[in-house]
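# Coordinates in review
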Amino acid sequence: MEMLRGFSADELEAMICGEQAPEWTREEVLQFTEPKLGYTKESPGFLRFVNVMMSLDAAERKSFVAFVTGCANLPPGGLANLHPRLTVVRKILDPGRDSDSAYPSVNTCVHYLKLPEYTSEATLKKRLMEACLEKGFHLN
C-alpha cells in the first residue's frame with residue numbers, strides 16, 4: 001500500500017478500471033483498428049468509419065466502446081492496449097437489402113464490428129449510435 005501513495009485517486013482509478021472517458025486520435029484509430037473482410041485501410045467505408053469515430057463526443061465514445069467490447073471503459077493506454085484489437089469487417093446483407101437501412105452488429109468477446117457499407121458518414125453515425133444505444137441481447 002505504501003507504494004500506491006505516490007499516485008492520485010484519478011491515477012489509481014485509471015490503472016485499475018481503465019479509461020473512464022475514452023479518447024483517441026485519428027492516428028490511433030488507424031493504427032489500432034484492423035479492417036478486414038471487405039475493408040482495407042483505404043476503403044471508403046472504413047475511412048467513413050474513422051471520420052465518424054473522430055466526430056463522437058464523450059458520451060458517444062463511451063457508448064461505442066460498450067457496444068463493441070461489452071465494457072464502457074478502455075483498458076489503461078486506450079485502443080493501443082485493447083486485446084484483441086478492434087476489427088471492422090464489412091457486414092454481408094441479404095440480396096436486395098439497402099445498406100443504409102441496416103444496423104451494425106458486434107461480437108463483443110473478440111471486439112469485432114460488422115459494419116454495412118453506408119453511403120454517407122451521417123448515415124453511418126446515425127445507425128451506429130442507434131445500435132450502441134439499443135439495450136438487450138440479440139444474436140446476429
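Our subject is the structure listed above.
Values in this document were obtained by computation on a predicted structure and should not be read as measured data. (Residues numbered from 1 in each chain as written. Predicted model: local features only at pLDDT ≥ 70, side-chain atom pairs only at ≥ 80, totals over all residues. Heavy atoms only, no water.)

## Details of the environment of Thr-33
Topologically, Thr-33 is positioned in strand E1 (residues 33-36). We classify Thr-33 as buried; its relative accessible area is 1%. The spacing of Thr-33 and Leu-82 is 49 residues in sequence and 9.7 Å in space, taken between C-alpha atoms. In contact with Thr-33, other than residues within four places in its own chain, are Glu-28, Lys-41, Phe-46, Phe-49, Leu-86 and Val-88. Separated by 2.9 Å, the side chain of Thr-33 and the backbone oxygen of Val-29 make a polar contact. (Helix = DSSP H or I, 4+ residues; strand = E, 2+ residues; numbered from the N terminus. Buried < 20%, exposed > 50% of the residue type's maximum accessible area, 1.4 Å probe, protein only. Contact = heavy atoms within 4.5 Å. Polar contact = N/O pair within 3.5 Å; in protein donor to acceptor, adjacent residues only side chain to side chain.)

## Some details on the side chain of Thr-87
Relative to the assigned elements, Thr-87 resides in strand E2 (residues 86-90). Sequence-distant contacts of Thr-87, defined by excluding residues within four places in its chain, comprise Glu-34, Lys-36, His-111, Tyr-112 and Leu-113.

## A closer look at the packing of aromatic side chains
Taken as a whole and judged by the stated rule, the model has three aromatic pairs. For the ring pair Phe-46 and Phe-49, a centre distance of 6.0 Å and an interplane angle of 35 degrees mean the geometry is tilted. With Phe-46 and Phe-49 both in helix H3 (residues 44-55) and three residues apart, the pair spans about one turn of that helix. Taken as a pair, Phe-46 and Phe-49 share a single burial class, namely buried. Measuring from centroid to centroid gives 6.1 Å for Phe-49 and Phe-64, while their planes differ by 50 degrees, and the two rings are tilted. Pair noted here: Phe-49 is in helix H3 and Phe-64 is in helix H4 (residues 58-69), with a separation of 15 residues, a long-range link. Looking at Phe-64, the relative accessible area reads 2%, which means it is buried. A connected cluster of aromatic rings, assembled from ring pairs, spans Trp-24, Phe-46, Phe-49 and Phe-64. The side chain of Arg-127 reaches across the aromatic face of Tyr-103, ending 4.8 Å from its centre. (Phe/Tyr/Trp six-rings, centres within 6.5 Å; stacked < 30°, edge-to-face > 60°. Lys NZ or Arg CZ within 6 Å of the ring centre and 35° of its normal.)

## Notes on the environment of Phe-64
When the C-alpha positions of Phe-64 and Met-129 are compared, they lie 7.4 Å apart, and in sequence the two are 65 residues distant. For Phe-64, the contacting residues outside a window of four places in its chain are Trp-24, Phe-49, Met-53, Leu-56, Leu-86, Leu-113, Leu-128 and Cys-132.

## Some details on the packing of H3 against helix H5 (residues 121-133)
In the contact formed by H3 and H5, the axes pass within 9 Å of each other and the chain directions differ by 65 degrees. Along this stretch, H3 crosses H5, giving a crossing that reads as right-handed. Where H3 approaches H5, its residues Gly-45, Arg-48, Phe-49, Asn-51, Val-52 and Ser-55 are matched on the opposing element by Glu-121, Leu-124, Lys-125 and Leu-128. For the contact of H3 with H5, the per-class residue count stands at four nonpolar, three polar and three charged. (Axes fitted to C-alpha atoms, helices over the stretch in contact; angles between N-to-C directions. Left-handed = near helix turned anticlockwise from the far one by under 90°. Nonpolar A, V, L, I, M, F, W, Y, C, P; charged D, E, K, R; others polar.)

## Here we look at the sheet that holds E2
Read from one edge to the other, the open sheet built from four strands follows the order E1-E2-E4-E3, with strand pairing classed as mixed. The sheet is open, and its two edges are formed by E1 and strand E3 (105-107), each paired on a single side. On average, adjacent strands in this sheet sit at an angle of 25 degrees to one another, irrespective of strand direction. Pairing of E1 with E2, which is carried by four bridges, proceeds in the parallel orientation. Counted as the bridge partner of Pro-35 is Val-88 from E2. Each of E2, E3 and strand E4 (112-115) is contacted by H4, which is oriented at about 55 degrees to E3, the strand it contacts most. (Pairing = 2+ DSSP bridges.)

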